[in-house]
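Summary of the model geometry
So the chains spell out like this:
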Amino acid sequence: METLSIYAPKLITSREYIASGHRACSGCGEVLAMRYVCKALGRNTIISNATGCMEIISTPLPQTAWEVPWIHTLFENASAVASGIECGLKALKRKHGYTREVKVVAMGGDGATADIGLQSLSGAMERGHDFIYVCYDNEAYMNTGIQRSSETPFGASTTTAPSGKASMGQHTWQKNMAAIAAAHEIQYVATSCSSYPFDIMTKVEKAIKIKGPSYIHILSVCPTGWRCPSNSTIKMGRLAVETGIFPMYEIENGKYTLNIDLPKLRPVEDYLKLQGRFRHLDKDNTAEIQEKVLDEYNKVKRLAAGNKAK
Amino acid sequence: MTAKRIGIESSLAVAEAVRLANVDVIAAYPITPQTHIVEGLAEMVANGHLDAEYIPVESEHSAMSSCLGASAVGARAFTATASQGLILMHEVLLVAASLRLPVVMAVTNRALSGPLNIWGDHSDVMIARDAGWIQIFAENGQQAFDQTLCAFRIAEHQDVLLPVIINFDGFHVSHVIEPMHFLDQKTVDEFLPPYRHPHALDPDKPVTMGGFAMPNMYTEGRKSLDTALRESKKVILDTWKQFGDIAGRYYKPVEKYQAENADTLLVTVGSYSENAMDAVDKMQAEGKKVGLVRVRLWRPFPYKEIIEALSGATNVIVLDRAISLGGPAPVCSEIRAALYSLKDRPQVVSIVGGLGGRDISPANFEKLIATALDKIKTGDAAETIMFGVRE
């Protein structure tokens, strides 16, 4: 939180780049996060959007909610399209007198990022294109009806990994996309959450200044898929952070900073019990999750502390 | 205007055409037998002979996706592929056409797995038949060079704005060194105006590309794409005329060879046409009334020219270098359909041959024609014949 403007909500631009009237569910945390991302990006932006909720809610022909140039082609290739846009602009500048400074941004959900689009994202990061990738992680394929992804949390019930007599639902732990992005040795990686607008905007502003790839992973609360009331979106995101389930941190040139470092974490039960997708979990399941959450949180904390010690 | 004749490998000639077109972005992933084209381009960029962004992508899917991105901001984009690479990018092909992004792609036609086979065959591009791209076949290196230059002009014409595939056979064309004529830079610059997309992605005039359509919009979207593709023929013909005027080499959607007084017409696509010509020459010298018709423009399908070329014949033999497993061979089925509305229509025999790089020599063409005529005589011409299968 480096600039005063970030502290003062009144100084945030009233300009919207994603217009109201789009078709997101009520209480959608993802579109909220996207709105803040776009406010921070400003108008000199070209967006390459993967197939998914945000694409579907914003562009039913012949309408569009977008006030910045925006392209959607397919599910798994937002980063590759962004690569082409970035190189196309470079060539236009060098050869054809194009002068505008434009930030290229690829966006997608957790499925588009961690599953089907992981290859094209990895390729684009490895090649070093000057672009920002934003993952809006709502922890399942919500657009198609709440199917599990590699970002679905352990124990959650989804339509393709449902809980039942013989299954507790998702039995794998979430893929660590921030670590995967950081393994590409890119300059800037951050996690954020739809309940923390200033945090999102600060991180996007940092990413804009990076020359090269940067990656922002935003936990985006989905009341529809998580089966919680639509007026609990902000609370749910905050609980994810306050329980340590979703630590918010940055990795700048490999150095970790824990942005919200709570002296005491709330028990995971505070978060799990409010969501229908976890309703079937028993005490043992909750204890297992609690242990894993503390492990992972402490891992980030240690990495951040090690960074400070240097 | 036309510079002197030089000997060069066809793939490198295509790379030279792309350089002359002053392309802005090349995104490519290596696959045999396409590699010499993209290696040639990489070398030109590395040596400063071509000022372009070269994106060494991690897959063909991303190659085409990157070309879409580049084309959408108004940059001239090129890629090349073959076989499984073309199949992997298939999903993206459809979007290039529907977003009306004039990407140009060279396809060195190669067989599909399995079994794995790297040699010439048209099965790869026949599966892309319905993707909405303009598709043109070149039979040799000179044609591949010429058609690559024409492709940019056709694709980017403001009445067209559609992607174009230039097909030529893997190895039989791509790796062959032949004497050919290039054009000089000044001539190309006059022939090929700079690319300008009328609604490029630009913060000054934000547009949304790639919205989704409900049932009340989808049909209209497909209709408009189909109409654009069909109507592109006008620009294709006009471009070939203008190219002919500057280069002295004229192209037509359907080209005839010794077809005037023939009762039997053989129809071929791609490089084997040249072997077929030798066979036709020999058979005509022996007094046999055999001629050749070559299909150059595959999409939009040239109904009028096909009917005009074939309707006078008694027998039509169509050679497909692609197999449609369990169904009719692709080129033949379309030609049959085009001729079906005629009152007096020729007998049509479908032959599949030359798969996976298997040669069809002039002598084999003679055999192939004889086999087909036998089938017509015995009234047994309905089924596709697989030519040259070892038993």
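Residues numbered from 1 in each chain as written. Chains lettered and ligands numbered in written order. Predicted model: local features only at pLDDT ≥ 70, side-chain atom pairs only at ≥ 80, totals over all residues. Heavy atoms only, no water.

Further remarks concern the overall build of chain B. In terms of regular secondary structure, chain B is built from 13 helices and 16 strands. In terms of overall size, chain B behaves like a compact globule, its C-alpha atoms giving a radius of gyration of 21 Å where 391 residues would be expected to give roughly 21 Å. Overall, chain B is about 70 × 55 × 45 Å in size when its C-alpha atoms are taken along their principal axes. Within chain B, the proportion of its 391 residues that are buried is 60%. Pairs at least 24 residues apart make up 81% of the contacts formed inside chain B by residues separated by at least 6 positions. (Helix = DSSP H or I, 4+ residues; strand = E, 2+ residues; numbered from the N terminus. Rg over C-alpha atoms; globule rule 2.2 N^0.38 Å. Buried < 20%, exposed > 50% of the residue type's maximum accessible area, 1.4 Å probe, protein only. Contact = heavy atoms within 4.5 Å.)

This part covers the packing of aromatic side chains. All names here are of chain B. The full count for this structure, using the stated rule, is 15 aromatic pairs over all chains. Measuring from ring centre to ring centre gives 4.6 Å for Phe-145 and Phe-182, while their planes differ by 20°; the resulting arrangement is stacked. A residue pair is termed long-range when its members are at least 10 positions apart, and Phe-145 in helix 7 (residues 141-156) and Phe-182 in strand 8 (residues 177-183) qualify at 37 residues. Both residues of the pair, Phe-145 and Phe-182, count as buried. Aromatic rings pair up to connect Phe-191, Trp-240, Phe-243 and Tyr-251 into one cluster. Residue placement shows Arg-321 over the ring face of Tyr-272; its charged tip is 3.8 Å from the ring centre. Arg-345 extends its terminal NZ or CZ atom over the ring of Tyr-340, reaching a point 4.3 Å from the ring centre. (Phe/Tyr/Trp six-rings, centres within 6.5 Å; stacked < 30°, edge-to-face > 60°. Lys NZ or Arg CZ within 6 Å of the ring centre and 35° of its normal.)

The biggest cluster of nonpolar side chains holds 150 residues, and the ones touching the most others in it are B:Met64, B:Phe78, B:Trp133, B:Ile134, B:Leu310 and B:Ile335. Two domains each donate at least three residues to this core, and these are domain 1 (2-247) and domain 2 (254-386) of chain B. Among residues more than four places away in sequence, those in contact with B:Met64 are B:Thr79, B:Met89, B:Val92, B:Leu93, B:Val103, B:Met105 and B:Trp133. Membership of the second largest hydrophobic core comes to 59 residues, among which are A:Tyr17, A:Val37, A:Met201 and A:Val241. (Core = buried A, V, L, I, M, F, W, Y, C linked by side-chain atoms within 4.5 Å. Domains from an automatic or database assignment.)

The next subject is the packing of helix 3 (residues 60-72) of chain B against helix 5 (residues 90-98) of chain B. All names here are of chain B. Interaxial distance between helix 3 and helix 5 falls to 8 Å at its minimum, and their mutual angle equals 15°. Here helix 3 lies roughly parallel to helix 5, going by the angle between them. As for how helix 3 packs across helix 5, the hand of that crossing is left-handed. Note on element contacts: helix 5 touches helix 3 through Glu-91, Val-92, Leu-93, Val-95 and Ala-96, opposite His-61, Met-64, Ser-65 and Leu-68. (Axes fitted to C-alpha atoms, helices over the stretch in contact; angles between N-to-C directions. Parallel < 35°, antiparallel > 145°, perpendicular 65-115°, else oblique. Left-handed = near helix turned anticlockwise from the far one by under 90°.)

Our focus in this paragraph is the environment of B:Pro30. All names here are of chain B. Tracing the chain through its elements places Pro-30 in the loop between strand 2 (25-27) and helix 2 (35-46). For the pair formed by Pro-30 and Thr-81, sequence separation is 51 residues and the distance between their alpha carbons is 7.4 Å. Excluding residues that lie within four positions of it along the chain, Pro-30 makes contacts with Thr-35 and Glu-60.

Next up on the list: the packing of helix 1 (residues 10-20) of chain B against helix 2 of chain B. All names here are of chain B. Two elements in contact, helix 1 and helix 2, have axes whose closest approach is 8 Å; the angle formed by their N-to-C orientations is 45°. Classified by the angle their axes make, helix 1 and helix 2 are oblique. Regarding helix 1 and helix 2, the two cross each other, and that crossing is right-handed. On helix 2, the residues that touch Ser-11, Leu-12, Val-14, Ala-15, Glu-16, Val-18 and Arg-19 of helix 1 are His-36, Ile-37, Gly-40, Leu-41 and Met-44.

With that out of the way, let us pick up the sheet that holds strand 14 (residues 315-320) of chain B. All names here are of chain B. The strand order across the open sheet formed by six strands is 10-12-11-14-15-16, and the pairing between neighbours is mixed. Every other strand in the sheet has two partners, leaving strand 10 (254-257) and strand 16 (385-386) as the edge strands with one partner each. The pairing of strand 11 (residues 264-268) with strand 12 (residues 290-295) spans five bridges and is classified as parallel. When the bridges of strand 12 are listed, Leu-265 appears paired with Gly-291. Sheet strands in contact with helix 12 (residues 330-340) are strand 11, strand 12, strand 14 and strand 15 (347-352), and its direction is about 170° off that of strand 15. (Pairing = 2+ DSSP bridges.)

Moving on, we get to the sheet that holds strand 7 (residues 164-169) of chain B. Residue and element names in this part refer to chain B. Across the sheet, seven strands lie side by side as 3-2-4-5-7-6-13; this open sheet has mixed pairing. Across the chains shown, the open sheet's two edge strands, defined by having one partner strand only, are strand 3 (53-55) and strand 13 (297-299). In this sheet, neighbouring strand axes are inclined to one another by 20° on average, regardless of whether the strands run parallel or antiparallel. Contacts from helix 7 reach strand 4 (77-81), strand 5 (104-109), strand 6 (134-137) and strand 7, with the element oriented near 170° to strand 7.

So, about unusual backbone geometry. The residue after B:Thr32, namely B:Pro33, is reached through a cis peptide bond having omega 0°. With respect to the helices and strands, B:Pro33 occurs in the loop between strand 2 and helix 2. With omega at -5°, the peptide bond leading from B:Arg299 into B:Pro300 counts as cis. If you trace the backbone, B:Pro300 turns up in the loop between strand 13 and helix 11 (303-310). Phi is positive for A:Asn253, close to 50°, though the residue is something other than glycine. Its place among the elements puts A:Asn253 in the loop between strand 9 (249-252) and strand 10 (255-258). Since its relative accessible area comes to 58%, A:Asn253 is described here as exposed. Here B:Ser83, not a glycine, exhibits a phi torsion of approximately 45°, which is positive.

Moving on to the pattern of salt bridges. Applying the stated rule across the entire model yields 43 salt bridges over all chains. Residue B:Asp24 is joined to A:Lys95 by a salt bridge in which the shortest nitrogen-to-oxygen separation is 2.9 Å. With B:Asp24 in the loop between helix 1 and strand 2 and A:Lys95 in helix 4 (residues 78-96), this pair bridges two chains. Here B:Asp24 falls in the buried class, since its relative accessible area comes to 3%. Here the residues in one salt-bridge network are A:Glu86, A:Lys90, A:Arg94, B:Asp51 and B:Glu53, joined through shared partners. (Salt bridge = Lys/Arg side-chain N within 4 Å of Asp/Glu carboxyl O.)

Looking now at the domain arrangement of chain B. A common measure of how large an interface is: the accessible area buried when the components associate. All names here are of chain B. For chain B, the assigned domains are domain 1 (2-247) and domain 2 (254-386). Every contact between the two is made by 29 residues of domain 1 and, on the other side, 28 residues of domain 2. The largest share of the area that domain 1 buries against domain 2 comes from Arg-129, Phe-137 and Glu-139, three residues that together contribute 28% of it. On inspection of domain 1 and its partner domain 2, the count reaches five salt bridges. For Lys-233, the salt bridge identified is with Glu-305, shortest N-O distance 2.8 Å. Along the contact surface separating domain 1 from domain 2 lie 19 residue pairs in polar contact (both at pLDDT 80 or more). Only helix 6 (123-127), strand 6, helix 7 and helix 9 (215-247) provide two or more residues apiece to the side of domain 1 that touches domain 2. The dominant element in the side of domain 1 that touches domain 2, judged by the number of residues it contributes, is helix 9, at six residues. Of the residues belonging to the side of domain 1 that touches domain 2, the class tally is 12 nonpolar, 10 polar and seven charged. (Buried area = accessible area lost by both parts, 1.4 Å probe. Polar contact = N/O pair within 3.5 Å; in protein donor to acceptor, adjacent residues only side chain to side chain. Nonpolar A, V, L, I, M, F, W, Y, C, P; charged D, E, K, R; others polar.)

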